[in-house]
Each structure stands twice: as structure tokens, then as C-alpha cells.
Amino acid sequence: MNENLYYHSVRLDKDRCKGCINCIKHCPTEAIRVRDGKAKIIKERCIDCGECIRVCPYQAKSAVTEHLDDIFNFRYKVAIPAPTLYGQFNNVKDINLILTGLKYLGFDDIYEVAKATEIVTDYTKKLMAEGKLVKPIINSACPTVIRLITVRFPGLIDHILPLISPMETAAIAARREAVEKTGLSPSEIGVFFISPCAAKATSIRSPLGRDYTPIDGVLSMKEIYLKLLPILGKIETIEPLSTCAFEGVRWANSGGEASALDTEKYVAVDGIHNVIKLLEEIEDDEKLDIDFVEALACTGGCVGGPLNVENTFVAKTKIKKLAQELKQQKQKHVPIPVAEEELLWDVPITYRNIMNLDEDMSAAMRKMERMQEIYRSLPQLDCGSCGAPNCKSLAEDIVRGFATETDCIYKLREKVRDLARQMVELEDEMPGVFKADDKEYYGR
């Protein structure tokens, strides 16, 4: 097994964890348990959606990313910012101000991910026109959604658009342009993505659709925001660095990718639990009159990522305004140095069976029967007090040997009642207790 197969950027700080059950109730793949007063992440189930980061009141969950200082390990540094970055700041009407600020932080050049969306959109249109893709086509820009499909919806794997993300496309183009500009070798050039989510940090170490990544590191949107904020007002000369059009900036919001495809038969869904509901419908009825599904794990799209700073809905409005202003401008066309065939996956996406109870089929069937038997005996209230997200998960944990039935507070209460009743019955069966006025006892 590839040692990087289950790499995760979402990490747990046990010292901060208070053992509340917020995370287990929100995890879409039931990847978290609370045992001995602390949360535990089951790495095989985790898809790095970041929901636990978002809902933890004690900040016990976080995303592991590179730090800004890491860029100086390379002779030439290129930032590839997600368009979400543009919606984090107040009173910024010119994207070039933000991009110039990135150069003040130490980057030598900028290549916008919003620009790379253009070639991804064009090639998606071409593939859709050829009619060879399985409909409804599910977008591949969100690594969380892809990982969700591989663990919960294996029948929909063939529906995923087999293209690398705009982030990876931008990285390929950025490195090539930097090599041409500087004459340096590709290894001397560092390409860093500024990310709104943990899943992107995971995807550069455990790539999807290919066995390597063109990205050298992922930086948290929050870290870059905090470093940019104090310097933006001090910039005197703004460089004309932006080359993206309004369609690329719109990708930060839900619906931005789908609306650029010139098709009316699309659905744009955001929020991981909403995505799950839609995928369940598609799985049940593949004859839905839909050509394209834009599914994004975060509420509102990438603007709702857990590594962002600005309120999701405020950022969404800012992105809309910036996109509208760009639409009124005539942006000079700049070719992207990436061939269409380079956008295609070269490694197939496969199903990850996280429900395998045993390698032996007969043993697995017996455990499944036992699990169903235990589940029927549980109260089926899905309260989470046992440390599992629901009663079915507890039943599975019991069969796997990770829990006992008395972890259920209702089962424990029944056990205590039975013990109390047995003690009363035992007391009734004991010889009578002598009383102080028993004359026979005192020999009178």
C-alpha cells in the first residue's frame, strides 16, 4: 500500500479537545469518535472536508499547511492564489493590489488560478460536446467531493470529470513560464497554492487522478491574509499582474464553474451534506435530466472554506462585485502554456471500501449479521452520547471490538437497573435480620 494513500492535513490536538460531540455529529463520513473523553479521527474514513475544523468550539482541529517562510527554500517563488483570496479584504476594488501585495511578501511572480480555469472550462466544453462522458458529469475541482465519492458512492466514480483541477493547471503553467523567464531548472522554482481549504493541502501529498503533484506547497488563506492586511495600504505602485477574466473569479462562488459551460442542464450544489443528498438522488435515479453537476463541499463554494477569514456570504458578495467589474473590462487574452492532454487524469480513481468488516467473506457476513442484531437492540435515537455519531456506528464499533454495548447510556442505564433489581431480589432471599427487641436473640 502506498504510504501516502491516507495522508491527511486535518489534525487533532488532544490537549485542546474537551470531548464534546460537535465534530462527530457533523462529520459526513462518520470518521470521528469520542473515546475516553477525547476525539479520535479514523483516518481511513476522513475526506478532509474540514467540517470538524469549522464546528469545533475549542479549536482542537486544524489543517497542516506550509508556512510563508518555506517559500524561501527556492530560488524563484511563484504564488498561485485561489480566487477566493480576492473576497477576503474590505474596500479592495483592484485585484492587482492584492497580487502586488503578494510580491511584497517575498514572491517573485504570481499566476492566478482564476486564469487557469479558462482552459479547464474550454476543455470541459469540448469533452461534453464529444458526448463520451457519463451523465450527469460531476466536476473534479473539489478534492473533498472526489474522496467522498470514492468512499460512499462507488457507482458514481465513472461520472467524475477526468480532469485535473485549475489549481494543478495553474501550477504547471506557472512553472513553465518561470523556467522560460529565469532559465532556472524546474526544481529551483517553488510553486505555492494559497488555499481556502484543508483538502487542497491533502491533495498535493495524496494526488487524485495522477501519481505526482506540480505544487510544492499549500499556504493557508488565513496566514496570507494576516500578513497582507497591514501592507496593502502602504503599497504606492500597483503592478498590472492580473490576467484573469470575470468567469475565473466567479469560480470562487458556487455555480461559477457550471455557469461558464453554456449549458442550462446543470445543478450547482454546495455544502457537504447537501452534496451527499444530491449524490444519493443521482445514485437512485441516473435518468435525471441533468448534464453537469457542480458539487462543492463548502457552503457557498470555496468562499466558505474553513481556512478563510471573511464571512462566507460577505465574501460571496465581494466576489460577485469584482467579477462584475472585470466583465465590464476588456481583458487582454493571455495564452496558457498547458496542452489539453495534460489536463486528463493519468491514474484512475478507485473505490475505497471503508466498511470491510473482515477479509474473509464468511466472517464478514457473520459480523454484519451481528452488527444488525446489536443495532436492533439499541434505542436508535442517534444521540451521540456514546461517542459514536449514531447507533449504527456504535453497533459497527462493537463488532470491531472498539466499543461495548454499555457505552450506550441507555444500555448502561438498563444494566444499572438490572443490577439494582438483582440486589433487591438477593436481599429478599437473605435470612431475616435480627431486631433489637427480639427477646429470643437476647436470651430473655
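Heads up: the structure comes first, above all this text.
Described in the following lines is the structure provided in the data block.

Calculation criteria
Residues numbered from 1 in each chain as written. Predicted model: local features only at pLDDT ≥ 70, side-chain atom pairs only at ≥ 80, totals over all residues. Heavy atoms only, no water. Helix = DSSP H or I, 4+ residues; strand = E, 2+ residues; numbered from the N terminus. Buried < 20%, exposed > 50% of the residue type's maximum accessible area, 1.4 Å probe, protein only. Contact = heavy atoms within 4.5 Å. Phe/Tyr/Trp six-rings, centres within 6.5 Å; stacked < 30°, edge-to-face > 60°. Lys NZ or Arg CZ within 6 Å of the ring centre and 35° of its normal. Patch = residues over 30% accessible without salt bridge, like charges linked within 9 Å, V, L, I, M, F, W, Y side chains within 5 Å. Areas by Shrake-Rupley, 256 points an atom, 1.4 Å probe, with all protein chains shown as cover. Salt bridge = Lys/Arg side-chain N within 4 Å of Asp/Glu carboxyl O. Lys, Arg positive; Asp, Glu negative; His and termini not counted. Charge placed at Lys NZ, Arg CZ, Asp CG, Glu CD. Pairing = 2+ DSSP bridges. Axes fitted to C-alpha atoms, helices over the stretch in contact; angles between N-to-C directions.

Observations regarding the environment of C408
Then step 1. Positionally, C408 belongs in the loop between α14 (391–400) and α15 (409–429).
Then step 2. Classification of C408 as buried rests on a relative accessible area of 6%.
Then step 3. Residues contacting C408, with those up to four places away along its chain left out, are L378, P379, C386 and L394.

Here we look at the packing of aromatic side chains
Then step 1. Per the stated rule, a full pass over the model turns up 2 aromatic pairs.
Then step 2. Ring geometry for F74 against F192: centres 5.8 Å apart, planes inclined by 75°, an arrangement best described as edge-to-face. Of this pair, F74 sits in the loop between β4 (61–63) and β5 (76–81) while F192 is found in strand β8 (residues 189–195), placing the two residues 118 residues apart along the sequence.
Then step 3. Classification of F192 as buried rests on a relative accessible area of 1%.
Then step 4. For the pair F89 and Y225, a centre-to-centre distance of 5.0 Å together with 35° between the ring planes defines the contact as tilted. With a gap of 136 residues between them, F89 in the loop between β5 and α3 (95–104) and Y225 in helix α8 (residues 221–232) connect regions that are remote in the sequence. Of the two residues, F89 and Y225, neither departs from the other in class, the shared state being buried.
Then step 5. Its end group placed over the ring of F402, K40 keeps NZ or CZ at 5.9 Å from the ring centre.
Then step 6. Its end group placed over the ring of Y375, K392 keeps NZ or CZ at 5.5 Å from the ring centre.

Details of a negative patch on the surface
Then step 1. Where like charges cluster on the molecular surface, the negative patch consists of E281, E283, D284 and D285.
Then step 2. We classify E281 as partly exposed; its relative accessible area is 48%.

Topic: the sheet that holds β5
Then step 1. Strands sit in the order β6-β5-β8-β9 across an open sheet of 4 strands; the sheet is parallel. Strands with a single pairing partner mark the edges of an open sheet, and in this sheet they are β6 (109–110) and β9 (217–220).
Then step 2. Relative to β6, β5 runs parallel, the two sharing 2 bridges. Residue pairing in the sheet places A79 in a bridge with I110 of β6.
Then step 3. Relative to β9, α8 is tilted by about 60°, and along the sheet it contacts β8 and β9.

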